[in-house]
Amino acid sequence: MQAMISTKNFDGEMLSCIINSTGQVVISPTDLKPFLRLDDIFRENKDKKVIDEIHRMQENMKSNQNGILKFTAVTKENLILSYNSLGVNDWFLLTLIPANFLSSGAERYILQSFVIIGLTILLFSLFLFSVYRFYHIHRKQLERLAFVDPLTGGPNNAAFQLKYTELAKTMAPDTYSILLVNVNGFKLINENFGVEAGNDTLRHIYVSLKRHIQA
């Protein structure tokens, strides 16, 4: 039992012992000095609030009730003393820990929570950015496949029809012209110089038309 209550919890800053309802020590840890000094601390304490809390603790222990007591030691250290009934005879487990340990633990918990939330938001933002980038890239690829002629790199027939449909709603008469170009003997170019030469010819015609005609 002595080894159990001497277990180092709360980063080794917790001390425990077992007493009865009259305050006599039943089982002590290896170092009982902090608990033995409590009597002097309580007797010398002039704080009426602490004195009232001590009386309340005594009454609670007589009626087998649990509770906590906050006080300041002679070393000016704020301490918390908890007393919990063990349900065996009239024994109580006294636990003594620094008050700032709880607040520092809460601060660590809050900091950890903020870090976790921040990382979650960052990961979610990266995920949304990846989805948007994936959508944007593939949308551009689909638009290119749908509206760009793979040979010349210019607008294809679908793009022409879409643009004409938009312009037709507002165009005034005689403001636009549709130009149809037929390359005479184009088949001979493919036959005599090869398909790639024919493709180069079409690309050259497209670049020339784009340079000299306002689309």
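The rules behind each value
- Residues numbered from 1 in each chain as written.
- Predicted model: local features only at pLDDT ≥ 70, side-chain atom pairs only at ≥ 80, totals over all residues.
- Heavy atoms only, no water.
- Pairing = 2+ DSSP bridges.
- Helix = DSSP H or I, 4+ residues; strand = E, 2+ residues; numbered from the N terminus.
- Axes fitted to C-alpha atoms, helices over the stretch in contact; angles between N-to-C directions.
- Contact = heavy atoms within 4.5 Å.
- Core = buried A, V, L, I, M, F, W, Y, C linked by side-chain atoms within 4.5 Å.
- Buried < 20%, exposed > 50% of the residue type's maximum accessible area, 1.4 Å probe, protein only.
- Salt bridge = Lys/Arg side-chain N within 4 Å of Asp/Glu carboxyl O.
- Patch = residues over 30% accessible without salt bridge, like charges linked within 9 Å, V, L, I, M, F, W, Y side chains within 5 Å.
- Areas by Shrake-Rupley, 256 points an atom, 1.4 Å probe, with all protein chains shown as cover.

Asker: Give me the sheet that holds strand β4 (residues 78-85): which residues, what numbers.
Answerer: Pairing is antiparallel in the open sheet, where five strands are placed in the order β2-β1-β5-β4-β3. Looking at the sheet topology across the chains shown, the edges are occupied by β2 (25-27) and β3 (67-72). The mean inter-strand angle of the sheet, taken between neighbouring strand axes irrespective of direction, is 35 degrees. In terms of strand pairing, strand β1 (residues 15-19) meets strand β5 (residues 92-98) through five bridges, oriented antiparallel. Among the inter-strand pairings, I19 is bridged to a residue of β5, identified as F92. Here helix α4 (residues 48-62) sits on the sheet in contact with β1, β3, β4 and β5, set at roughly 155 degrees to β3.

Asker: So, the nonpolar core: which residues are in play, and what are the values?
Answerer: Generally speaking, a soluble globular protein has its nonpolar side chains buried in company with each other. If you look at the biggest cluster of nonpolar residues, it comprises 14 residues, and the most contacted ones within it are F71 and L81. Elements supplying a minimum of two residues to this core: β1, α4, β3, β4 and β5. Among the elements that take part in this core, α4 stands out by supplying four residues, more than any other.

Asker: Mind laying out the environment of N60, listing which residues take part and the relevant values?
Answerer: Examined against the element boundaries, N60 turns out to sit in helix α4. Considering only alpha carbons, one finds N60 and Y83, 23 residues apart in sequence, at a separation of 9.3 Å. Beyond its immediate chain neighbours, meaning those up to four positions away, N60 contacts Q65, N66, Y83 and F92.

Asker: Provide a residue-level description of the pattern of salt bridges, including the pertinent values.
Answerer: Enumeration over the complete set of coordinates arrives at three salt bridges. Put simply, R139 and E143 hold a salt bridge, and the shortest N to O gap is 3.2 Å. Of this pair, R139 and E143 both sit in helix α5 (residues 99-147), four residues apart, roughly one helical turn. One salt bridge in this structure joins D200 and R203, with 2.7 Å as the shortest N-O distance.

Asker: How would you explain the pairing of β4 if you had to name every residue and give the values?
Answerer: Strand direction decides the pairing type here: β3 and β4, joined by six bridges, are antiparallel. Across the sheet, the residue bridging to K70 is I80, located in β4. As judged from the seven bridges shared by β4 and β5, these two strands associate in the antiparallel manner. Directly across from N84, in β5, lies its bridge partner L93. Taking the residues between adjacent antiparallel strands as the criterion, β4 and β5 are bridged by six residues, where G87 takes a positive phi near 75 degrees.

Asker: Lay out a nonpolar patch on the surface with the relevant residues and their values.
Answerer: A surface patch of nonpolar side chains, amounting to about 480 Å² of accessible area, comprises V115, L119, L122, L123 and L126. Mapped onto the fold, L126 is located in helix α5. L126 gets classed as partly exposed once you look at its relative accessible area, which sits at 45%.

Remember that the coordinates give geometry; whether it matters functionally is a separate question.
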